[in-house]
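Descriptive structure summary
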Amino acid sequence: MAAEVPWVDSLEQVYGDGTPNGIPSEYRQRFGNLVKTFEREYDQKPDFVSRSPGRVNLIGEHIDYSLYNVLPTAVVNDVLIAVQVVESGEPKFSIANVNSSKYPKEEAIIPKSGEVTIDKQNHKWSNYFLAGVSGSLQTLRKKHGDNFVPKGMKLLIDGNVPAGGGLSSSAAFVCASALAVMAANGLRVTKQDLLDECIVSERSVGVYSGGMDQAASIFSERGYLLYCQFWPKFAAEHVPVPQADPEFTILVAQSFVTSDKAVTAPKHYNLRVVEVTLASVVLAKLFDIALNPDHSSLGFSLRNFQEEVMKKDGKLEETMKYQVDAVIDIVKSRLDKDAYTREEIAKILEISVENLEKEYMSKFPVQADSFKLRQRALHVFEEARRVLAFRQTLSQSSTLDKEKLLRLGDLMNQTQESCAKTYECSCPEIDDMCSIARKSGAYGSRLTGAGWGGCTVHLVPQDKVDAVQEALKKEYYYKKFPKITAETLKEAIVISKPGQGSSVIHGNALSV
Ligand code: NG1
C-alpha cells in the first residue's frame, strides 16, 4: 500500500537523531512558542500542526523538469502550520504568522464551488498557502464530488527556511499548507498524492515547478539522501549516507542574494523550462520522431527524447551512461547555433511563430528574443551523467575513502561550472563563495536550487569545516555586508544532516 504522510505525537519523531539524546532545546522552544502564540491569537489550542521541511540538493540541478534523476535531502529548517478546524460556517481561512510585522494577518474565503483565485501579479505571502489549498481542493473534490466545500481554518505559521534562499521555502510552505487542508478535512493523504497535489499547487503561483523540492520535502527520511526518479513516473529511493574516512560534513551557506522565483520566472526559471522543452521538440523533429506527451511541465522533455531516439536506434537495452553519452554527441553535432530565434525554431518545427508562442510560451510568459537550445540541453544531459556517477560512487562501498570524496567533490564542482557557464543560472556572488570555500579546503562547492542567488552547498572534510566557515565570513559576508549582524551571520551557514520529511504533529506533542 502507498505510504501515508505520518501522524506523530512526539517531537523526537521529527527532530530527533534516533539516539536517546533528545532534541536540541531550540526546536522545542520554537514549537512551544508556536502553540502558545496560537492560543493568544485565537483563544484556543490548535488541533494539530502540519510540518514540511526545506531541502538541499546535492546534485542534479535544473534537470528534474527534464525528467532526469536528482539527489536532494530534507534539511531541519521547516514550515510549521498550527491549525484549528472551524466546523461550521463559510469556509474562511484566517492566516497569521508568528512574524506578524513582516507577514501581516490575512483572511481568505473559498467560494462555495469555485476555484481558489491567486493573484499572480500581486505576490502576497499568503499566496503560497492558497496555492496549497488549490491543489488539495482538487483532490478533495475528486473524492467527495465537485460541490465539496472545505472546512474553515484558523492558522498560525512559523517558517525558518530562508525565503528566496535556495532551500526551497516555497515548496516547504506549499506542502505544509496542502497537508494542513487535507488533515483538516479528515483525509490521511499518501505521500504520492500529496506530491502530485503540491506540484500542481506550486504551478498555480506561476512557476513551472519540476517536483524535486516537493518530493524531498515530503518523502525524505532522517539520515538518508533521496534519489528521485521522474521517468517514466516518480519513484523515490532512500540512499543511506555512507560512513567516510576521513569524515565529511555538508555545509550550506546562503549568499543573501535573493531571487524570487515567481517574480523573475519570465527571464530565469520559466525561460529555462521553455528552452529545454524547445530543445526536446527540435531534436525530435530533426530525427523525425513524434514524441508522445509526458508529465513534464510543458509536455515534452529531454528524457522523453532520449528514450525515443534510443528506441529508434535499437539502443534501449544499453546502459543509462551509454544512452546519455549518445544524446550528448547528438546535441553537439545537431544543434549547431549559439542561439535560435523564434522564427528559426518555428521553421524547424514547421509551424508559425504564432503557434510556437501559443504552444510553448503562453501558459506563463517568457521574456527572450532567442533561445540557447544547445547549451541548455548539454547542461541537462551532462548533469544527468554526473548524477549517475555521484550515485554510483556513493554505492560502491560502505565507506567512502578520500579518493571517492574527492570524486564526489569534483562532480559538484563540475555542476557549478556548468550552471555558471552553460545553464547561466549562477551569479557572481555564488561563484565567489564557491571559490572561497574550495580554496579553504572544501572538496566540492556549488549552488543548490534554482540559483541566480540563493544558497550554496559544500562537501567539506570534517577538519576543514572551521576554516571554510571562517573564510566565508571573512572573504564574503563581512566584505559584502559590512553591517551584517551576529544573528544574521549565525543563520547564514547551516551544517545540515539529512532531516525528516512532512508530518502531521498532534496529540501529546501539543502539550507544551
Ligand atoms: P528552488 O527554487 O531552489 O526551490 C527550483 C525548483 C526545483 C528545481 C530547482 C533547480 C520549484 C518549486 N523548485 O528550486 O524543482 O528545478 O529549481 O534544480 O520550482
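The name given to the chain in an unreviewed UniProt entry is Galactokinase, and the organism recorded there is Cyphellophora europaea. Listed in UniProt under the heading Catalytic activity (unreviewed entry), the comment for the chain reads: "alpha-D-galactose + ATP = alpha-D-galactose 1-phosphate + ADP + H(+)". In its Pathway (unreviewed entry) section, the UniProt entry covering the chain states "Carbohydrate metabolism; galactose metabolism."

**Some thoughts on the sheet that holds strand β15 (residues 455–461)**
Spatially, β14-β15-β10-β16 is the arrangement adopted by the four strands of the open sheet, whose pairing is antiparallel. Two strands lie at the open edges of the sheet, namely β14 (444–448) and β16 (493–495), each paired on one side alone. Between one strand axis and the next, the sheet turns by 25 degrees as a mean value, whatever way the strands run. Judged from the three bridges that link them, strand β10 (residues 248–254) and β16 form a sheet pairing that is antiparallel. Paired with valine 252 across the two strands is valine 494, which belongs to β16. Across the face of the sheet, helix α15 (residues 428–439) comes into contact with β10, β14 and β15 while running at roughly 10 degrees to β15.

**Some words on empty space enclosed by the protein**
On inspection of all chains with the given rule, the structure shows two cavities of 30 Å³ or more. The calculated volume of the largest cavity comes to roughly 80 Å³. Along its surface, the largest cavity is lined by Leu58, Leu225, Val241, Pro242, Phe248, Ile250, Phe390, Leu394, Leu400, Leu408 and Leu459. At the level of secondary structure, the elements contributing two or more residues to the lining of the largest cavity comprise β10 and α13 (373–395). Within the lining of the largest cavity, the residues separate by chemical class into eleven nonpolar, no polar and no charged. Each of two domains, domain 1 (7–247 + 499–510) and domain 2 (272–424), supplies a minimum of three residues to the lining of the largest cavity. By volume, the second largest cavity is sized at about 50 Å³. Lining the second largest cavity are Ile63, Tyr68, Asn69, Tyr227, Met320, Ala384, Val387 and Leu388. The leading source of residues in the lining of the second largest cavity is α13, at three residues.

**Notes on the pattern of salt bridges**
A complete count under the given rule lists 27 salt bridges for this structure. Among the ionic pairs, lysine 45 bridges to glutamate 39, the shortest N-O distance being 3.8 Å. What makes glutamate 39 partly exposed here is its relative accessible area of 27%. For the salt bridge of glutamate 350 with lysine 285, the shortest nitrogen-to-oxygen distance reads 3.0 Å. Of this pair, glutamate 350 sits in the loop between α11 (342–349) and α12 (353–360) while lysine 285 sits in helix α8 (residues 269–286), and the two are 65 residues apart along the sequence. Within the structure, one salt-bridge network assembled from shared partners comprises Arg272, Glu275, Lys372, Arg376 and Glu424.

**Re the nonpolar core**
Ranked by internal contacts, the top residues of the largest apolar core, which has 141 residues, are Phe129, Leu278, Phe305 and Phe381. By residue number, the principal contributor to this core is helix α4 (residues 169–184), which donates twelve residues. A domain split of this core shows at least three residues from each of domain 1 (7–247 + 499–510) and domain 2 (272–424). If we skip the residues at most four places from it in the chain, phenylalanine 381 touches Tyr68, Leu302, Phe305, Val324, Val327, Ile328 and Val331. Counting residues in hydrophobic clusters, the runner-up holds 19 residues, among them Val14, Ile23, Tyr42 and Ala82.

**Some points on unusual backbone geometry**
The peptide bond linking tryptophan 231 to proline 232 adopts the cis configuration, its omega dihedral lying at -5 degrees. Along the polypeptide, proline 232 turns up in the loop between β7 (224–229) and β8 (235–240). Cis geometry is adopted by the peptide bond preceding proline 246, which originates at aspartate 245 and carries an omega value of 5 degrees. Relative to the helices and strands, proline 246 resides in the loop between β9 (243–245) and β10.

**Section: the environment of valine 276**
With respect to the helices and strands, the residue valine 276 is situated in helix α8. Taking C-alpha positions, valine 276 is 6.2 Å from arginine 376, a pair spaced 100 residues apart along the chain. In this structure, valine 276 is in contact with Tyr65, Ser66, Leu302, Arg376, Val380 and Tyr423, ignoring residues within four places of it in sequence.

**Quick notes on a negative patch on the surface**
A surface patch of like charges, here negative, comprises Asp245, Glu247, Asp401 and Glu403. Structurally, the position occupied by aspartate 401 is in strand β13 (residues 399–401). Taking the relative accessible area as the measure of exposure, aspartate 401 reaches 33% and is therefore partly exposed.

Reading guide: rules and limits
Residues numbered from 1 in each chain as written. Predicted model: local features only at pLDDT ≥ 70, side-chain atom pairs only at ≥ 80, totals over all residues. Heavy atoms only, no water. UniProt positions renumbered as here; feature names shortened; annotations may be inferred. Pairing = 2+ DSSP bridges. Helix = DSSP H or I, 4+ residues; strand = E, 2+ residues; numbered from the N terminus. Axes fitted to C-alpha atoms, helices over the stretch in contact; angles between N-to-C directions. Contact = heavy atoms within 4.5 Å. 1 Å grid on protein atoms, 1.4 Å probe; cavity = no way out; pocket = protein on both sides within 12 Å on 5 of 7 lines; lining within 4 Å. Points joined across faces, edges and corners; volume = space filled by probe spheres on them. Nonpolar A, V, L, I, M, F, W, Y, C, P; charged D, E, K, R; others polar. Domains from an automatic or database assignment. Salt bridge = Lys/Arg side-chain N within 4 Å of Asp/Glu carboxyl O. Buried < 20%, exposed > 50% of the residue type's maximum accessible area, 1.4 Å probe, protein only. Core = buried A, V, L, I, M, F, W, Y, C linked by side-chain atoms within 4.5 Å. Patch = residues over 30% accessible without salt bridge, like charges linked within 9 Å, V, L, I, M, F, W, Y side chains within 5 Å. Areas by Shrake-Rupley, 256 points an atom, 1.4 Å probe, with all protein chains shown as cover. Lys, Arg positive; Asp, Glu negative; His and termini not counted. Charge placed at Lys NZ, Arg CZ, Asp CG, Glu CD.

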